[in-house]
Amino acid sequence: MSAMTFRPRLAAAASTAETRAGRPQQAPLFPSAPLMRQPFAPLPAGSIKASGWLLRQLQIQAKGLSGHLDEFWPIVGPDSGWSGGSGESWEDGPYFLDGLVPLAWQLDSPELKAKAMRFMDWTLDHPWENGMFGPRSNDDWWPRMVMLKVLTQYHELTGDHRVILLMTRYFHYQLQALPGRPLRDWGRMRWQDQLVSILWLYQRTNDAALLELARLLKRQGYDWQSMFARFPFTQKTDADALRKQAGGSDAFMQDLGLQVHGVNVAQALKASPVWSVVSGSAADRDAVRHQLQMLDTYHGLPNGMFSADEHLAGRSPSQGTELCTVVETMYSLEVALAITGDAALGDRLERIAFNALPGALTDDMWAHQYNQQPNQVECSLHRQPWTTDGPESNLFGLEPNFRCCTANFHQGWPKFANSLWMATAEQGLAAMSYAPCTVTTVVRSVPVIIEQVSDYPFRQSVSMTIRPHHAITFPLQLRIPGWSKGTRIAVNGMPVEVTAGFTTIERRWEAGDTVEMVFTAEVKIESGYNGALSFSRGSLVYALPINENWVIWRKRGPTNDWQVYPGSRWNIGIKPDTSVDVSEHAVGEIPFAGASAAVRLTVRGRYVPAWKASEGVAEPVPAAAEPSADEGEQSIILVPYAGAKLRITAFPILG
Ligand SMILES: [Zn+2]
């Protein structure tokens, strides 16, 4: 396409983007001295619009619980304390908004924006006289840490000047109030989330008091980095184990319980990188790698997550992971990826986003699980095998076990979409994760649009068209997934050299230039708990789908609480040298639906009669499985993990 035909289209595109985002595209901001230089920075919310399958996923989310929760769930309904009512006034309102705000603007939905504005207007118009904000029925620092995340996104989307004023007054108030009323419980464990908002404001106001507040939070907050350096939690941490670790003291849940709480640990993955922006220490910045390594080694699961049901629960694939832990791990990785520039964190983020996130929700996103299990053979009322969670934990429903995930899961997809691309310190752009989208931003003062077309992760190619307003030189950085050996990249059809981690293409970009990426995704057979085999290909994990019988346990307004019972046998073992055939199918309207699985793996396995379920839970995978004497080897079809709500993901090795 020539520049002549291009210009009118750009004008149209820019004005559409402006309307959608509510404000002109802004240049991204980077921390500057005295803060540490970082390789990437998030583009302001509103810069990236999902398209293709990711847009469909966001639309499904809006048609599901996210778009309707406030209509029938009183916790975030008209009586919420965060919109001036006398109802729930703690974390749930901010949790809900942390996903509703980016979702509403992603979809440019007047209805969803109006729903969000009820809370935003009340919060922004009703600060306390002393600088505090939020419901007056509590002064807990923690729910405000969540609301600050909402305010920063909302400001990027709208430019609402009330945000900067409110945040500035609040942080000054907190600076003088914290010595007398220090961080406690949740706020003490999750201080790093507030640090993100403090640094966000500092980049806009250069107010030195904010760095003082950052240091005070660090002093009062829990020292995650030291804990992970000695990591004493190498076993399932149920109440008995923690009591033992606390020397028999019954006060163990107060402190030890918070240290091994899954959501805390998920949020803590950003602690060291975010603090490094203030401390300037590379050791702080890189500590997240060790943290992940400890979690993988002692609590890692094949879906990319660690077990926490809701405390760290060891490596058995029958243990669960809470949905809040999934979305908070994703957000921590998005933050950490920008600060560290470690491409492996992008691999991890994709593995969680494309497996564990959709795995915990029904296809229509009207019901979710509190805990999901890699080996999940029944969703029914049972107390086992959770460390501390209750019997509803793996039901699909409105608020199984506890209501936090009902309010908090909404942030998963919209924030993932908003972090697909980032700005680079060299004033270029970087593709951090892959999914179809359009980026509208400013590079070196020149408006640039990038259209990215792809069915990744269901396919292994990504096509980009670069459309600068006029030709401009800048570096384009592309994350190369660690699993892709032999990645090919071509610019306007000409191959370019690929380097591990990030490949940088610095050139003069002209309107209509194309970048084609083709990844090589071999089937990978990974060995986990008791040597159990798990299958992945690219960023998708594969599982054996078990026939599902969905039974309504109780009606919950427009949705239901469901139990799901198995309708087929699942106790199958596999030899490590199994043949694997891959077949690709169309990506369906519901991208992760098992009924229209976009990729299927066919492997060979045999029944293992001795491997059974007890009380609805698959027994831990046996180390050496004795195959059935009566039945021979057979073909087993695996589908992407999230498409199998009852599934086996970790298979015993046939002896
Ligand atoms: Zn939760």
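Going by the structure above, here's the rest.
Residues numbered from 1 in each chain as written. Predicted model: local features only at pLDDT ≥ 70, side-chain atom pairs only at ≥ 80, totals over all residues. Heavy atoms only, no water.

1. Considering the overall build of the protein
Quick note on the threshold: Note on conventions: DSSP H or I runs of at least 4 residues are helices, E runs of at least 2 residues are strands, and numbering of each starts at the N terminus. Atoms considered for the radius of gyration are the C-alpha atoms alone. The globule rule reads 2.2 Å times the number of residues to the power 0.38. With a 1.4 Å probe rolled over the protein chains alone, any residue whose accessible area is under 20% of its type maximum counts as buried; one over 50% counts as exposed, and the rest are partly exposed. Should any heavy atoms of two residues lie within 4.5 Å, those residues are counted as being in contact.
A count of helical and extended segments in the protein gives 20 helices and 26 strands. For 655 residues, the compact-globule formula gives about 26 Å, and the C-alpha radius of gyration of the protein, at 24 Å, lands near that figure. Overall, the C-alpha framework of the protein stretches about 70 × 65 × 50 Å when taken along its three principal axes. Among the 655 residues that make up the protein, the fraction classed as buried is 62%. Across the protein, the fraction of contacts at a sequence separation of at least 24, relative to all contacts at a separation of at least 6, is 71%.

2. Focus: the sheet that holds strand E10 (residues 472–480)
Stated precisely, the cut-off is as follows: Two strands qualify as a pair provided that DSSP identifies no fewer than 2 bridges between them. To define axes, lines are fitted to C-alpha atoms, for helices over the stretch in contact only, and angles between the resulting N-to-C directions are given on a 0 to 180 degree scale.
As summarised here, the arrangement of the 5 strands in space is E1-E5-E6-E10-E13, forming an open sheet in which the pairing is mixed. In this open sheet, the two strands that pair with only one neighbour each are strand E1 (40–42) and strand E13 (501–509). Direction aside, neighbouring strands of the sheet carry axes that sit 30° apart on average. Note that strand E6 (residues 429–431) and E10 share 3 bridges and pair parallel. Looking at the pairing, Ala430 lines up with Gln477 of E10. Here helix H17 (residues 323–340) sits on the sheet and contacts E1 and strand E5 (421–424); the angle it forms with E1, its principal contact strand, is near 145°. The strands that helix H18 (residues 343–359) touches are E10 and E13; relative to E10, the one it contacts most, it runs at about 60°.

3. Considerations on the nonpolar core
As a reminder of what qualifies: We define the nonpolar core as a collection of buried residues of types Ala, Val, Leu, Ile, Met, Phe, Trp, Tyr and Cys that are connected through side-chain atoms lying within 4.5 Å of one another.
Grouped together as the largest cluster of nonpolar side chains are 200 residues, with contacts concentrated most on Trp421 and Met464. Examining the composition of this core, we find that 12 residues originate from one element, H17, more than from any other. Ignoring any residue separated from it by four or fewer positions in sequence, one finds Met464 in contact with Trp421, Ala431, Tyr434, Ile450, Glu451, Gln452, Leu478, Asp513, Thr514, Val515 and Met517.

4. Quick word on the packing of aromatic side chains
As a reminder, the rule being used: Stacked, tilted and edge-to-face pairs are distinguished by plane angle, under 30 degrees for stacked and over 60 for edge-to-face with tilted covering the rest, among Phe, Tyr and Trp rings (Trp via its six-membered ring) whose centres lie within 6.5 Å. By definition, being over a ring means that NZ of Lys or CZ of Arg is both within 6 Å of the ring centre and within 35 degrees of the ring normal.
On inspection of all chains with the given rule, the structure shows 34 aromatic pairs. Ring centres 4.8 Å apart and planes at 85° place the aromatic pair Phe133 and Tyr170 in the edge-to-face group. Here Tyr170 lies in helix H7 (residues 162–177) and Phe133 lies in the loop between helix H5 (110–125) and helix H6 (141–158), a separation of 37 residues in the sequence. In this structure Phe133 comes out as buried when scored by relative accessible area, which is 0%. Given a relative accessible area of 0%, Tyr170 falls into the buried group. Ring pairing ties together the aromatic residues Trp53, Phe354, Trp413, Phe416, Tyr434, Tyr456, Phe458, Trp483, Phe519 and Phe592, which thus form one cluster. Just above the ring of Trp141 sits the side chain of Arg181; from NZ or CZ to the centre is 4.1 Å. Looking at Arg647, its charged tip hangs above the ring of Tyr641, at a distance of 4.0 Å from the centre.

5. With respect to the sheet that holds strand E8 (residues 446–454)
Pairing within the open sheet is antiparallel, and its 7 strands lie in the order E2-E7-E8-E9-E14-E11-E12. Edge strands, defined here as strands with exactly one partner in the open sheet, are strand E2 (48–50) and strand E12 (494–496). Neighbour-to-neighbour, the strand axes of this sheet turn through a mean angle of 20°, independent of strand direction. Across 7 bridges, strand E7 (residues 437–443) lies against E8 in antiparallel orientation. By the bridge assignment, Val442 is partnered in E8 with Pro447.

6. Some points on the coordination of the zinc ion
For the record, the criterion: Sodium, potassium and calcium take a 3.2 Å donor cutoff, other metals 2.8 Å, and in both cases only N, O and S atoms count; water is not among them, so sites may look incomplete. A site with four donors is called tetrahedral when every donor-metal-donor angle falls between 85 and 135 degrees; four donors are called square planar, and six octahedral, when opposite donors sit more than 155 degrees apart and all other angles fall between 65 and 115; any other arrangement is irregular.
The zinc ion binds to the protein through Glu322 (OE), Cys324 (SG), Cys404 (SG) and Cys405 (SG), with metal-donor distances spanning 2.0 to 2.3 Å. If you look at the zinc ion, its 4 donor atoms make angles of 96 to 124° with each other, and the shape they trace is tetrahedral. Counting residues between consecutive donors of the zinc ion along the chain gives the motif E-x1-C-x79-C-C. Here Cys405 lies in helix H19 (residues 404–408) and Cys324 lies in helix H17, a separation of 81 residues in the sequence.

7. What to know about the pairing of E5
Of the pairings in the sheet, the one linking E1 to E5 comprises 3 bridges and is antiparallel in character. Looking at E5, one finds that Pro42 is bridged to Met422. Looking at chain direction, E5 and E6 are connected through 3 bridges and run antiparallel. Its bridge partner lying in E6, Ala423 is registered against Leu429. Connecting E5 to the antiparallel partner E6 that follows it, the hairpin turn spans 4 residues, and Gln427 within it adopts a positive phi of roughly 60°.

8. Concerning unusual backbone geometry
Of the consecutive residues Ala33 and Pro34, the connecting peptide bond is found in the cis state with omega at 10°. Of note, the amide linkage connecting Asp309 to Glu310 takes the cis form, showing an omega dihedral of 0°. Counting through the fold element by element, Glu310 comes out in the loop between helix H16 (282–299) and strand E3 (321–322). Even without being a glycine, Ser445 presents a positive backbone phi close to 70°. As for its placement among the helices and strands, Ser445 is situated in the loop between E7 and E8. For Glu615, which is not glycine, the phi torsion reads 50° and is therefore positive.

9. Re the packing of helix H9 (residues 191–205) against helix H15 (residues 271–279)
Rule in force here: Convention used here: angles under 35 degrees read as roughly parallel, angles over 145 as roughly antiparallel, angles from 65 to 115 as roughly perpendicular, and any remaining angle as oblique. Each helix crossing is assigned a hand: it is left-handed if the near helix lies turned anticlockwise from the far helix by less than a right angle, otherwise right-handed if that turn is clockwise. Amino acid classes used here: Ala, Val, Leu, Ile, Met, Phe, Trp, Tyr, Cys and Pro are nonpolar; Asp, Glu, Lys and Arg are charged; the rest, including Gly, are polar.
As a packed pair, H9 and H15 sit with axes 9 Å apart at the nearest point and diverge in direction by 40°. Of the possible angle classes, the one that applies to H9 and H15 is oblique. When you trace H9 past H15, the crossing you get is left-handed. On H15, the residues that touch Trp191, Gln192, Leu195, Val196 and Leu199 of H9 are Ala271, Val274, Trp275, Val277 and Val278. Partitioned by chemical class, the residues of the contact of H9 with H15 number 9 nonpolar, 1 polar and no charged.

10. Some words on the packing of H15 against H16
In the contact formed by H15 and H16, the axes pass within 6 Å of each other and the chain directions differ by 165°. By the criterion of interaxial angle, the relationship of H15 to H16 is roughly antiparallel. The interaxial crossing formed by H15 with H16 has right-handed handedness. Touching Ser272, Pro273, Trp275, Ser276 and Ser279 of H15 are Asp284, Arg285, Ala287, Val288 and Gln291, all from H16. Its residues placed into classes, the contact of H15 with H16 shows 4 nonpolar, 4 polar and 2 charged.

11. Things to note about the pattern of salt bridges
Convention followed: When a carboxyl oxygen of Asp or Glu is within 4 Å of a side-chain nitrogen of Lys or Arg, the pair counts as a salt bridge.
Counting across every chain of the model gives 38 salt bridges. The closest approach of N and O atoms between Asp98 and Lys415, which form a salt bridge, is 2.8 Å. One end of the pair, Asp98, is in helix H4 (residues 92–106); the other, Lys415, is in helix H20 (residues 412–418), and 317 residues separate them in sequence. Looking at Asp98, the relative accessible area reads 0%, which means it is buried. In this structure, the salt-bridge partner of Glu392 is Arg554, at a minimum N-O distance of 3.6 Å.

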